[in-house]
Amino acid sequence: MADKIKDAKIIFVVGGPGSGKGTQCEKVVAKYGYTHLSSGDLLRAEVGSGSERGKTLQAIMQKGELVPLDTVLDMIKDAMIAKADVSKGFLIDGYPREVKQGEEFEKKIGKPCLLLYVDAKGETMVKRLLKRGETSGRADDNEETIKKRLDLYYQATEPVIAFYEGRGIVRKVDSELPPDEVFSHVSKAIDSL
Ligand SMILES: Nc1ncnc2c1ncn2[C@H]1C[C@H](O)[C@@H](COP(=O)(O)OP(=O)(O)OP(=O)(O)O)O1
Ligand SMILES: Nc1ncnc2c1ncn2[C@H]1C[C@H](O)[C@@H](COP(=O)(O)O)O1
Ligand SMILES: [Mg+2]
């Protein structure tokens, strides 16, 4: 089954909570027709299904913690396989969250050709998430959980960027700029592939 995706074009989209990963991915989908898979969205879909597994996931996500690696990797892999025949490339948004996740992804799925690093200041991310929380309905868009998500990002996810910098595949975009300006830099990174 995994043979179907072994040669797929894979882009990791990494950045802090509220940095603008999802916003940029939507624009990439519109321009390049890539398949956008957000690990957070896949997990929220499972929560929304009302399953027992969803209940366990909800409790973890509400606390701003990471769900177990195998759970999230299996979900991504299944979603990739489901789209393999029609996909021009995959945007994996919100994964890897820690170096181990990247290593396991490469063992079970394949290697990324690009890591798009969506960078914004901590205070900007907090402001954006509090604003988003007014309408998002996301249980983790509240002050207490945002702080935990941000701390975890700096502690566990920033080392992922350093790891892939060693491979020369990281392109950093300044997400303090307006979304369309950020996207012009994202486009340059993708066009350089
Ligand atoms: N460049 C930008 N300038 C101003 N606002 C932005 C920008 N990019 C995104 N936003 C807004 C849209 C959302 O309301 C909010 C968070 O963006 P979003 O794309 O959902 O972040 P994200 O996907 O990185 O967050 P999360 O990790 O929580 O899923 O900020
Ligand atoms: N890659 C992931 N590993 C573990 N947990 C994850 C991953 N992606 C999402 N999650 C959980 C934990 C996050 O706080 C929530 C929301 O994710 P988001 O990318 O902000 O939508 O889901
Ligand atoms: Mg998102």
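No experiment lies behind these values; they were computed from the predicted model shown.

Colleague: How would you sum up the site of ligand 2? Please name residues and give values.
Modeller: In the vicinity of ligand 2 lie 16 residues, with Ser-39, Arg-44, Gly-94, Gln-101 and Arg-138 positioned nearest. Between ligand 2 and Arg-44 there is a distance of 2.9 Å, counted from an oxygen atom to a side-chain nitrogen or oxygen. Surface burial for ligand 2 is 96%, taken as the share of its 470 Å² of free accessible area covered by protein chains. Under a 2 Å grid-point criterion requiring more than half of the atoms, the pocket assigned to ligand 2 is the largest pocket. The greatest single-element share of the shell around ligand 2, amounting to 4 residues, is contributed by helix α2 (residues 39-48). Considered class by class, the residues forming the shell around ligand 2 number 6 nonpolar, 4 polar and 6 charged.

Colleague: With reference to specific residues and values, describe the packing of aromatic side chains.
Modeller: Here the structure, examined in full by the defined rule, presents 7 aromatic pairs. Centroid distance Tyr-32 to Tyr-34: 5.8 Å. Interplanar angle 40°. Geometry classified as tilted. Tyr-34 carries the same exposure label as Tyr-32, and that label is buried. Here Tyr-95 and Phe-105 contribute two aromatic rings whose centre-to-centre distance is 5.7 Å and whose plane-to-plane angle is 45°, an arrangement assigned as tilted.

Colleague: Explain helix α4 (residues 69-83) to me, using residue names and the numbers behind them.
Modeller: Here α4 spans 21 Å end to end across 15 residues, near enough to the 21 Å set by a 1.5 Å rise per residue. Buried residues in α4 make contact with β1 (10-15), β2 (35-38), α2, α3 (52-62), β3 (90-93) and α5 (99-108).

Colleague: Tell me about the sheet that holds β2, and name the residues and values.
Modeller: Overall, parallel pairing links the 5 strands, which are arranged β2-β3-β1-β4-β5 in an open sheet. Looking along the sheet, the strands with just one partner apiece sit at the ends: β2 and β5 (170-174). Each strand of the sheet is rotated relative to its neighbour by a mean of 20°, with strand direction disregarded. Here α2 sits on the sheet in contact with β2 and β3, set at roughly 65° to β2.

Colleague: Just give me the short version of the layout of surface pockets, but keep the residues and values in it.
Modeller: Reported here for the largest pocket is a volume of approximately 930 Å³. Taken together, 45 residues make up the lining of the largest pocket; nearest its centre are Gly-18, Lys-21, Arg-132, Arg-138 and Arg-149. Secondary structure elements with two or more residues in the lining of the largest pocket: β1, α1 (21-32), β2, α2, α6 (122-133), α7 (143-165) and α8 (179-191). Considering only residue class, the lining of the largest pocket consists of 16 nonpolar, 17 polar and 12 charged.

Cut-offs and rules
- Residues numbered from 1 in each chain as written.
- Chains lettered and ligands numbered in written order.
- Predicted model: local features only at pLDDT ≥ 70, side-chain atom pairs only at ≥ 80, totals over all residues.
- Heavy atoms only, no water.
- Near = heavy atom within 4 Å.
- Polar contact = N/O pair within 3.5 Å; in protein donor to acceptor, adjacent residues only side chain to side chain.
- Areas by Shrake-Rupley, 256 points an atom, 1.4 Å probe, with all protein chains shown as cover.
- 1 Å grid on protein atoms, 1.4 Å probe; cavity = no way out; pocket = protein on both sides within 12 Å on 5 of 7 lines; lining within 4 Å.
- Sits in = over half its atoms within 2 Å of the grid points.
- Helix = DSSP H or I, 4+ residues; strand = E, 2+ residues; numbered from the N terminus.
- Nonpolar A, V, L, I, M, F, W, Y, C, P; charged D, E, K, R; others polar.
- Phe/Tyr/Trp six-rings, centres within 6.5 Å; stacked < 30°, edge-to-face > 60°.
- Buried < 20%, exposed > 50% of the residue type's maximum accessible area, 1.4 Å probe, protein only.
- Expected span 1.5 Å × (residues − 1).
- Contact = heavy atoms within 4.5 Å.
- Pairing = 2+ DSSP bridges.
- Axes fitted to C-alpha atoms, helices over the stretch in contact; angles between N-to-C directions.
- Points joined across faces, edges and corners; volume = space filled by probe spheres on them.

The quantities given are spatial measurements derived from coordinates; they are silent on function.
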